[in-house]
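Here is what each chain is made of, one letter per residue.
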Amino acid sequence: MNHPASHSQSFTVTTPLYYVNDVPHIGHAYTTMAADSIARWHRLNGRDVLLITGTDEHGQKIERTAIAAGVNPQVHCDRIVAKFDSLWSKLDIKYDRFIRTTAPAHRTIVNEFFQRVWDSGDIYKGTQQGWYCVACEEFKEERDLLADKHCPLHPSKQVEWRDESNYFFRLSKYQQQLEALYAERPDFILPNSRRNEVLKFVAQGLQDFSISRVNVDWGIPLPTDPDQTIYVWFDALLGYVTALLDPDAQVSLDNALHSRWPIDLHLIGKDILRFHAVYWPAMLMSAKLPLPERVFAHGYFTKDGKKISKSEGNAIDPIALVDCYGAEPLRYYFLKEIEFGQDGDFNETRFIEIVNADLANSLGNLVNRTLGMAKKYCQGYIPNCNATDIAADNPLKILGRDLGAQVDIAYNNLAFRDACEAILNLVRSSNKYIDDLAPWALFKQDKHLELAQVLYSVLESARLSAYLLSPIVPKISTDIYRQLGLNIDFDLICCNNSNDDNTASVENWKHHQQWGILQANSQLGEPQPIFTKLEVKTAPSS
Ligand code: MSP
């Protein structure tokens, strides 16, 4: 995929706006870690990035949860939002906008958008009959239900019969335009397997869907009929637009759309693909607005090979997990181990094996032994040599020469696993290079020139690896940089609003993607372990 936005100066990415019926779960953390990493990569490349996340707070599911808890829905939402915010901070997620669909500005945006769709003649009153899953907030086809009218996505929940008078959106009118969109822009839905799913669904023929509800008070009143509220999905998708409003801007659809629309990338899970790849573009077509560049749907993961479900008691509590193991091992595991776009699995033992092998044994060991040798043989300085002094056939120079470009492609394709593998290849090759070239022997033999070149090559390879991994493990990367005598905080680079000198002058760190940045004779920092091996602690299930 050749991302159009990867060459322009701004990049806007969204996570789904998460339901607040319950505390955050690992699926929420997964999408958000991926979004944060891709946002960080674009920021490192000097782009003006906006990472949007937030919460989807209206609808029957939330209304019922609040009633069951005996609290006002807004109070309930506020409590859960605080949990999301705290999780994002623990996971080192640097979002730029957090949109709540209960924000007053959002209501204005929804009303204005509704009016545009209304003016297009795409809203009419009709009767909705069918099976409704409150957990999905979606009508289901009878043929898709499990035994006893249970929802396939929520097997513990029964669907409910609805027969009500609702307002409908003329989705069917957009059948041909949508098909033309998918044909003209094959990258609009990724990965390809998901695109095929959508094509198949649309080919069956699109039906209009209801965009209002009676008997649901917890929602935005329908502008044309205050006895009804707007369907939660119609409302929530527009959260992406409201999020674009600058905090001090006057609230209007035009102002929201003014500078950053259309969004470059909607990151979602496969369960909500239809809403983003069919309903959303049709709504935008109706409102005569440009469409997002891309919708990327990742897979689902299981725990120890089993479907994750609260009722099965095997839910993974991301807060307990991050408290137990820290953010960076989790970020690394989920992005390196599960191919983004495919289904995957979380297994605690494997998680520990992977992070210990890659972050402690491979990367940590490389940094530690290299700095130890530089201290011993070069008095704690980068040896007196530069990249140009290193022979063109040096294996690390060869690997390092193309790595930045390779990793750039991988990140732009959201192929986090490929990015990690390519970087780890340089790390492992560097360790092998040390073993093969034995700097300690070169020192004993007084081969100072060769020794300097070997040490420079491995120090530089450790630096490049840290830089390229920084979107995923920013603190480890910062630590490695500090030990190499480079005072760059990757977290600060990634705060658009930071006033720190370190970042104020930063426009573009792209040249750090090249092999050969370290300066001869500059002072190194103190060697310290960058990653302490983890032990299985068995984070509690929620
Ligand atoms: N509120 C809607 C989104 C509206 S966007 C305008 C919603 N919210 S959600 O809270 O249910 O979050 C859904 C997200 O969590 C999806 O992206 C989904 O893929 C992710 N996950 C939920 N369970 C998951 C797994 N077991 N594995 C991976 N991700 C999963 O839908």
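Residues numbered from 1 in each chain as written. Predicted model: local features only at pLDDT ≥ 70, side-chain atom pairs only at ≥ 80, totals over all residues. Heavy atoms only, no water.

Let's talk about the confidence of the model for the chain
- Looking at the chain, the pLDDT average stands at 93 and 94% of residues meet or exceed 70.
- Note on residues 1-7: pLDDT under 50 across the span, and 20 contacts to partners over four residues away in sequence or across chains.
- Confidence drops under a pLDDT of 50 for residues 497-506, and excluding neighbours within four residues, the segment shows 12 contacts in the predicted structure. (pLDDT = per-residue confidence, 0-100. Contact = heavy atoms within 4.5 Å.)

A few points about the sheet that holds strand S10 (residues 221-222)
- The strand order across the open sheet formed by 3 strands is S9-S11-S10, and the pairing between neighbours is antiparallel. What marks the edges here is a single partner per strand, and that holds for strand S9 (212-213) and S10. (Pairing = 2+ DSSP bridges. Helix = DSSP H or I, 4+ residues; strand = E, 2+ residues; numbered from the N terminus.)

A look at the site of the ligand
- Around the ligand, a shell composed of 22 residues is seen, among which Leu-17, His-28, Asp-56, Gly-269 and Asp-271 lie nearest.
- With respect to the ligand, the backbone of Tyr-19 contributes an N or O atom lying 3.0 Å from an oxygen atom.
- Side-chain polar atom of Asp-271 to an oxygen atom of the ligand: 2.8 Å apart, as the coordinates give it.
- Its free accessible area being 670 Å², the ligand has 93% of it covered by the protein chains.
- Sorting elements by how many residues they give to the shell around the ligand places strand S1 (residues 10-19) first, with 4 residues. (Near = heavy atom within 4 Å. Polar contact = N/O pair within 3.5 Å; in protein donor to acceptor, adjacent residues only side chain to side chain. Areas by Shrake-Rupley, 256 points an atom, 1.4 Å probe, with all protein chains shown as cover.)

Side note on helix H2 (residues 60-69)
- Turning to H2, its buried residues number three or more, namely Gln-60, Lys-61, Ile-62, Glu-63 and Ala-66.
- Where H2 is buried, its residues meet S1, strand S2 (48-56), helix H3 (73-90), strand S4 (123-133) and strand S6 (160-169).
- One or two steps after H2, the chain reaches Gly-70, where phi turns positive at roughly 70°. (Buried < 20%, exposed > 50% of the residue type's maximum accessible area, 1.4 Å probe, protein only.)

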